[in-house]
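Remarks on the overall topology
Listed below are the residues making up each chain.
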Amino acid sequence: MGFFAACLILYVLGGSRVMGDIPVWQAVLPVVVLCTASAFRSTLPTAAVSVGTVTVLVEMTSSGGLGPVLVYTDLLYAAALYGAPWLCRVLQFGTVAVTVATTITLIALSDRSEGVTTGVIVAMLLISPVWTGILIRNHKERADAERERAAQINRLAELDRKTVLQTERTRMARELHDLVANHLSAIAIHSSAVLSLTEARRAENGEAGTAGAAAAAGSVGAAGAAGPTGTAGPTATTTARPADTAEDDPVLRALAVIRENSVQGLAEMRRMVVLLRSDRGVDDDWDRPQLNALGALVEQARPAADAAALTLHTEFPETFPEVSSVIEVTAYRIVQEALTNVLKHASSGRVRIRCEAGAEQLTISVDSPLAQPDAQPDGRTRQRPVAQLTTGAGAGLTGMSERAALVGGIFDAGPDRTAPGRWRVRAVLPLTQNT
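Because the structure is predicted, anything quoted here is derived from the model rather than measured.

Summed over the entire model, instances satisfying the criterion amount to 12 salt bridges. For Arg302, the salt bridge is made with Glu299, and the minimal N-O distance between the two is 3.0 Å. With Arg302 and Glu299 both in helix H8 (residues 294-307) and three residues apart, this pair spans about one turn of that helix. Its relative accessible area of 23% is what places Arg302 among the partly exposed residues. Classification of Glu299 by relative accessible area gives partly exposed; the value is 47%. Three or more residues are tied together by salt bridges with common partners; here these are Glu315, Arg354 and Glu356.

Okay, structure coming up:
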């Protein structure tokens, strides 16, 4: 529309009449054809420039209007910019050939100065738009090549990063298997061996006790039947004391808990090794911790809590909401680490584990008594032996905070301001986290 309006203005001002007065339709028709061809200059550049060339040749032989020539320069520019490489070469050499031929012809047929001047004008109308389009085309091609090269470099860098990451994960898996897993296996094997030997000895002692009791009962019965005067004596009855079970022995209970935890830790370690060696993510069927297993987790820690004079109290909903696997694993690990810290550092008293599920968030809190030194009969104080052996470096709190931050949650740990003398661990996790 802009070219069409400019051509009409030129016609009104008289700029379109180079070879004398012409009818309106004869001046407007070539402009309409060229403007129509301009609409397809980027999608069909070959057809557009061909139509434009024919139209301009007809126009130059009939009326020689200036407006169609101006529209034709835009067609030449678009053909050099959007056309095929062969079309660019044809236009590049063709416009030069036409310009040179026109200049030589005009110099031969007319004045030299007029021919040179006309040749310069023809060069500006034909060569200039073509070469401008070719320059811009080459610049775009170089820019595209640079972008492709940068993308290729990024792909290679990403491939190198993944290779380094997979190598590091393989090394971590190897170290976990060779160091931690082997120690866990040794703990599980030795605790199982102690329990098995204890059960075997209890079985042997029970059989020996039963046989001894039967022999003693027989001898006493015979002596009673004879009596000192030959009369029947009183009948003696001996009842063997039942052997103590494993549940009655705190040492055996502790060994059973050690074995159970070491076997479970070994299984999780093996799953972690498999995940580290794999280049794929976690599948949906992966045996991951779930919110429904929080009750079992607390029950598993209850024997150790009883030994430390801690009372575990849970407040869990009857049914947990459907959340993503990432939220489930995060919540489970936070509760697990908080319970571990309670068993290591808390004083005797009541421990409350709460889990509240709202419409958009899951709130977890574990509060326990602050660690207090134990009083001695002589008035001095000392720390619990467990605390002395398990003094941590804060890695557990850091890990819980990082887990909550990775899913967009909030984590806080410290003395409870509303209840002096207590330590509270609290995490708020969003329920909208995707897997």
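Having seen it, we continue.
A word on the environment of Leu44. Structurally, Leu44 can be placed in the loop between helix H2 (24-38) and helix H3 (45-62). Remark: the alpha-carbon pair of Leu44 and Ala79, spanning 35 residues in sequence, is separated by 8.6 Å.

Our next topic: helix H11 (residues 395-406). Here H11 is 12 residues long and its end C-alpha atoms lie 16 Å apart, about the 16 Å a rise of 1.5 Å per residue gives. Those residues of H11 lying buried are Gly396, Met400 and Ala404. One face of H11 carries all of its buried residues, which in axial projection span an arc of 70°. Counted as exposed and oriented over 90 degrees from the buried face of H11: Ala395, Ala405 and Leu406. Those residues of H11 that are buried lie in contact with helix H9 (325-345), strand S6 (410-415) and strand S7 (422-430).

Tallying each qualifying case throughout the model produces one aromatic pair. Here the aromatic rings of Phe316 and Phe320 are separated by 6.2 Å at their centres, their planes lie at 55°, and the arrangement is tilted. On the basis of relative accessible area, Phe320 is assigned to the buried category, the value being 16%.

What follows covers the side chain of Asp416. On the secondary structure map, Asp416 appears in the loop between S6 and S7. At 4.6 Å, Arg424 is the nearest oppositely charged side chain to Asp416, a buried residue that forms no salt bridge. Within the structure, Asp416 has its side chain in polar contact with the side chain of Thr418 (distance 2.8 Å). Excluding anything up to four places from it in sequence, Asp416 contacts Arg422, Trp423 and Arg424.

Right, let's get into the sheet that holds strand S3 (residues 361-369). Taken in spatial order, the five strands make up an open sheet running S1-S2-S3-S7-S6, and their pairing is mixed. Looking along the sheet, the strands with just one partner apiece sit at the ends: strand S1 (310-315) and S6. For this sheet, the mean angle separating the axes of adjacent strands, direction not counted, is 10°. The sheet contact formed by strand S2 (residues 349-357) and S3 spans six bridges and is antiparallel. Within S3, the position partnered with Glu356 by the bridge is Thr363. Relative to S3, H9 is tilted by about 5°, and along the sheet it contacts S1, S2, S3 and S7. Across the sheet, H11 is in contact with S6 and S7; its angle to S6 comes to roughly 155°.

Before going further, it helps to spend a moment on the environment of Leu370. Positionally, Leu370 belongs in the loop between S3 and strand S4 (374-375). Of the residues examined, Leu370 reaches a relative accessible area of 25% and is grouped as partly exposed. Once residues lying within four places of it in the same chain are set aside, the contact partners of Leu370 are Ser347, Gly421, Arg422 and Trp423.

Analysis parameters
- Residues numbered from 1 in each chain as written.
- Predicted model: local features only at pLDDT ≥ 70, side-chain atom pairs only at ≥ 80, totals over all residues.
- Heavy atoms only, no water.
- Salt bridge = Lys/Arg side-chain N within 4 Å of Asp/Glu carboxyl O.
- Helix = DSSP H or I, 4+ residues; strand = E, 2+ residues; numbered from the N terminus.
- Buried < 20%, exposed > 50% of the residue type's maximum accessible area, 1.4 Å probe, protein only.
- Expected span 1.5 Å × (residues − 1).
- Arc of directions from axis to C-beta.
- Contact = heavy atoms within 4.5 Å.
- Phe/Tyr/Trp six-rings, centres within 6.5 Å; stacked < 30°, edge-to-face > 60°.
- Lys, Arg positive; Asp, Glu negative; His and termini not counted.
- Polar contact = N/O pair within 3.5 Å; in protein donor to acceptor, adjacent residues only side chain to side chain.
- Pairing = 2+ DSSP bridges.
- Axes fitted to C-alpha atoms, helices over the stretch in contact; angles between N-to-C directions.

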